[in-house]
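# Topology and contacts: notes
The lines below spell out each chain.
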Amino acid sequence: ANDETLESSPISGQNVMKPVGVRDAILFSETAETFLIKLEDRLRPMQNCNDVFEITRIPRDYSGGQLTIRLQPKHGIYNFIVDEDNFAIIFSSPISGCYTYVLCSHSGKWLGEDDSHDLTGLLVRDLIRQCNGFPSL
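Note that the structure is a prediction, hence the values are computed from the model and not measured. (Residues numbered from 1 in each chain as written. Predicted model: local features only at pLDDT ≥ 70, side-chain atom pairs only at ≥ 80, totals over all residues. Heavy atoms only, no water.)

### Quick notes on the environment of Asn86
Put simply, the test is: A run of DSSP states H or I qualifies as a helix once it reaches four residues; a run of E qualifies as a strand once it reaches two. Both are numbered from the N-terminal end.
Tracing the sequence through the fold places Asn86 in the loop between β5 (77–83) and β6 (88–93). Sequence-wise, Asn86 and Ala25 are 61 residues apart; in three dimensions their C-alpha atoms are separated by 9.7 Å.

### A look at the pairing of β5
It is a general feature of regular strands that their side chains alternate between the two faces of the sheet. So the rule is basically this: Being paired, for any two strands, means DSSP has found at least two bridges between them.
Bridge analysis of strand β4 (residues 66–70) against β5 gives five bridges, and the strand direction is antiparallel. The residue bridging Arg70 from the neighbouring strand is Ile77, located in β5. Strand direction decides the pairing type here: β5 and β6, joined by five bridges, are antiparallel. What sits directly across from Phe80, in β6, is Phe91. From the end of β5 to the start of β6, which pair antiparallel, there are four residues, and Phe87 there has a positive phi angle of about 55°.

### Details of the side chain of Thr68
Inclusion rule: Only protein chains enter the accessibility calculation, which uses a 1.4 Å probe; a residue is then buried when its area is under 20% of its type maximum, exposed when over 50%, and partly exposed in between. Two N or O atoms form a polar contact when they lie within 3.5 Å of each other; inside protein one atom must be a possible hydrogen donor and the other a possible acceptor, and for residues adjacent in sequence the pair counts only when both atoms belong to side chains. By definition in these notes, contact holds between two residues if any of their heavy atoms fall within 4.5 Å.
By the secondary structure assignment, Thr68 is in strand β4. The class of Thr68 is buried, set by a relative accessible area of 10%. In terms of polar contacts, Thr68 uses its side chain to reach the side chain of Asn79, at 2.8 Å. The residues contacting Thr68, other than those within four sequence positions of it, are Glu54, Ile55, Thr56, Ile77, Tyr78 and Asn79.

Below you can see the structure in the form of structure tokens.
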């Protein structure tokens, strides 16, 4: 099975690869929860390097799950919200804005639904611009 489909971008008109997301509710839910737990675990060491770096995770029992990273007020908030109805994670960053990610059925990675960019790569890029330390994702 192919993990991406070639589609024309509504913005640029150019062809872009779009990931084919997992549509199995149990697999999606368990993988999203595991991702948030791993993310929380890997980000915790950064709390020791930054004056304000608060991590809050809400388990999937409540609306699919959520993870929030609060930085100093001038830097903002990062938010991950699991959308079980649409098989997606919505990620918002004070640097990059809001993106929707699907669990790629082939690679098992969380990829941008519009252009297949990697969620963890974008998160790391944004965090190293605003924080001390480096998350080991």
